[in-house]
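# A closer look at the structure
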Amino acid sequence: MASSMKSDELPVTVNDSLKRQEQPKGSAAMTKRGVYAAASYMASAVLLIMFNKAALSSYSFPCANVITLFQMFCSCSILYALRCWKIISFTVGEPHTTSNNPTTLVPLKTLVHTLPLALSYLLYMLITMEAVRGINVPMYTTLRRTTVAFTMIVEYLLTGQKHSLPVVGSVGIILLGAFLAGARDLSFDAYGYAVVFIANICTAAYLAFISRIGRSSGLSSFGLMWCNGIICTPILLFWTSFRGDLEVTMNFPLLFYPGFQVVMLLSCIMAFLINYYVFLNTILNSALTQTICGNLKDLLTIGLGWLLFGGLPFDLFNIVGQALGFLGSCFYAYCKLQGK
């Protein structure tokens, strides 16, 4: 989101969201750009879950951390190429004459400032990937809806964000729907459920850090993504090497199978897009809005996941729970569009 870009190209920098800071917290209506960011996130999120699930389940790829490593490496490569071609910039008001040396694209002081965001991002990515592996897609998306409660708590603790009664009520409806949907899950897996709830906590912290650090760092969304990649990729490379995941990957029998490579490529592309739209949506709207968008796209994800991967016997409780969760998300979207 370069500050030098035209307004009809990739969306704007973090600086654009600063205009909203004079408005009461939690009450601002969504702008057209905010709606665009939310819709784009939901579309890319559905596709990313499908491609990750295909790699981990359909092709039985054993190393979820390696997929995350590939996604980070591809993201950094794309960002560096776009920056060298002067299509994007990493900081607000960055001049085109800035060096393309990867070590000087973002000052060291800024990298240190974004360290909490990067570490929470790494945990968010790793644990979310493990959660996708350990539970069927419909129940994964159902349990992930409870992230809204964690997000409201973490957002209040870190930024002092408060929300109106209609917004709190819509979150309550979402939580009720999630618990109803999971109450009769015959494929219950305690480990899988625990991993999903840990992923929810990490997601809430990550989104709250985006909202807090994103506005104070002077970085665009692309700059925040770059910092995440520069900090997290070496850590994850060391971790996967230490655990032997890279060796397992090299010996994976389907590594050079065209179908698997296509799935991996599409997964990396979707990961890049979803990371960008997560930053954009959280900065232009709010961390809670980003979480609710994750719930709104669940209906399509659940349908596709059930058709493609199966794993969840639907019954009346599940259907009612899914419907309540979806209605709660729609009510939240209505409240935000009305500025409540």
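Calculation rules
- Residues numbered from 1 in each chain as written.
- Predicted model: local features only at pLDDT ≥ 70, side-chain atom pairs only at ≥ 80, totals over all residues.
- Heavy atoms only, no water.
- Helix = DSSP H or I, 4+ residues; strand = E, 2+ residues; numbered from the N terminus.
- Buried < 20%, exposed > 50% of the residue type's maximum accessible area, 1.4 Å probe, protein only.
- Contact = heavy atoms within 4.5 Å.
- Areas by Shrake-Rupley, 256 points an atom, 1.4 Å probe, with all protein chains shown as cover.
- Patch = residues over 30% accessible without salt bridge, like charges linked within 9 Å, V, L, I, M, F, W, Y side chains within 5 Å.
- Salt bridge = Lys/Arg side-chain N within 4 Å of Asp/Glu carboxyl O.
- UniProt positions renumbered as here; feature names shortened; annotations may be inferred.
- Axes fitted to C-alpha atoms, helices over the stretch in contact; angles between N-to-C directions.
- Parallel < 35°, antiparallel > 145°, perpendicular 65-115°, else oblique.
- Left-handed = near helix turned anticlockwise from the far one by under 90°.
- Nonpolar A, V, L, I, M, F, W, Y, C, P; charged D, E, K, R; others polar.
- Phe/Tyr/Trp six-rings, centres within 6.5 Å; stacked < 30°, edge-to-face > 60°.
- pLDDT = per-residue confidence, 0-100.
- Disulfide = S-S within 2.5 Å.

Looking now at the overall build of the chain. The helix and strand inventory of the chain stands at 14 helices and zero strands. The helix and strand sequence of the chain, counted from the amino end, reads α-α-α-α-α-α-α-α-α-α-α-α-α-α. Residues classed as buried in the chain amount to 54% of the 340 residues present. For the chain, the share of sequence-separated contacts (at least 6 apart) that also reach a separation of at least 24 residues comes to 86%. Surface exposure of the chain reaches about 14700 Å², of which carbon and sulfur atoms provide 70%.

Looking now at a nonpolar patch on the surface. On the surface, a nonpolar cluster with roughly 310 Å² of combined accessible area is contributed by Val-262, Leu-265, Leu-266 and Ile-269. Relative to the elements of secondary structure, Ile-269 occurs in helix H11 (residues 258-284). Looking at Ile-269, the relative accessible area reads 35%, which means it is partly exposed.

On to the UniProt feature "transmembrane region" (unreviewed entry) in the chain, then. When the UniProt feature table is mapped onto this chain numbering, "transmembrane region" (unreviewed entry) sits at residues 34-52, 64-85, 106-127, 165-184, 190-210, 222-242, 254-280 and 292-310. Annotated as residues 106-127, this span is 86% helix and 0% strand, and its ends, taken at the C-alpha atoms, are 28 Å apart. Within residues 222-242, the helical portion is 100% and the strand portion 0%, while the C-alpha atoms at the span's ends are 30 Å from each other.

With that settled, the discussion passes to the packing of helix H9 (residues 221-243) against H11. Packed helices, taken two at a time, are described by their axes: the angle between them and the distance between them. In contact at an axis separation of 9 Å, H9 and H11 are set at 125 degrees when each is read in the N-to-C sense. In terms of orientation, H9 and H11 fall into the oblique class. The handedness of the crossing between H9 and H11 comes out as right-handed. Every residue of H11 that contacts H9 at Ser-221, Phe-222, Leu-224, Met-225 and Asn-228 is listed here: Phe-272, Asn-275, Tyr-276, Phe-279, Leu-280 and Ile-283. Residues belonging to the contact of H9 with H11 are distributed by class as follows: eight nonpolar, three polar and no charged.

Here we come to the packing of aromatic side chains. Under the defined criterion, the tally for this structure stands at 13 aromatic pairs. When the centroid spacing of 5.3 Å and the interplanar angle of 25 degrees are considered together, the rings of Phe-90 and Trp-226 count as stacked. Of this pair, Phe-90 sits in the loop between helix H2 (64-84) and helix H3 (108-113) while Trp-226 sits in helix H9, placing them 136 residues apart in sequence. Judged on exposure class, the residue Phe-90 and its partner Trp-226 are both buried.

Axis separation between H2 and H9 bottoms out at 9 Å; the angle between their running directions is 145 degrees. Note that H2 runs across H9; the crossing there is left-handed. Facing H2, whose interface residues are Asn-65, Val-66, Thr-68, Leu-69, Met-72, Phe-73, Ser-75, Cys-76, Leu-79 and Tyr-80, H9 presents Phe-222, Met-225, Trp-226, Gly-229, Ile-230, Cys-232, Thr-233, Leu-236, Leu-237, Trp-239, Thr-240 and Arg-243. Class assignment of the residues belonging to the contact of H2 with H9 gives a composition of 15 nonpolar, six polar and one charged.

Looking now at the confidence of the model for the chain. Across the chain, the average pLDDT comes to 76, with 74% of residues at 70 or higher. The weakest mean pLDDT in the chain belongs to helix H13 (residues 298-308) at 65; the strongest belongs to helix H10 (residues 245-250) at 92.

The next thing to look at is the state of the cysteines. Within this structure, the stated rule accounts for zero disulfides. As a non-bridged cysteine, Cys-232 has Cys-76 as the owner of its nearest cysteine sulfur, 8.9 Å distant.

So, on to unusual backbone geometry. Residues apart from glycine generally show negative phi values, whereas peptide bonds are mostly found in trans. Of note in the backbone geometry, Ser-60 takes a positive phi value of approximately 55 degrees without being a glycine. The phi angle at Lys-86 is positive, at roughly 60 degrees, despite the residue not being glycine. Looking at where Lys-86 falls in the secondary structure, it is placed in the loop between H2 and H3.

Turning next to the environment of Leu-158. Note that Leu-158 resides in helix H6 (residues 147-159). Residue classification places Leu-158 among the partly exposed residues on the basis of a relative accessible area of 27%. Between the C-alpha atoms of Leu-158 and Ala-205, which are 47 residues apart in sequence, the distance is 8.9 Å. If we ignore the near neighbours within four places in the chain, the residues touching Leu-158 are Ala-208, Phe-209 and Arg-212.

With that settled, consider the environment of Pro-116. In this structure, Pro-116 sits in helix H4 (residues 115-134). Given a relative accessible area of 35%, Pro-116 falls into the partly exposed group. Measuring from C-alpha to C-alpha, the distance between Pro-116 and Asn-228 comes to 9.7 Å, with 112 residues separating the pair along the chain. Here Pro-116 is in contact with Phe-209 and Ile-213, once residues within four sequence places are set aside.

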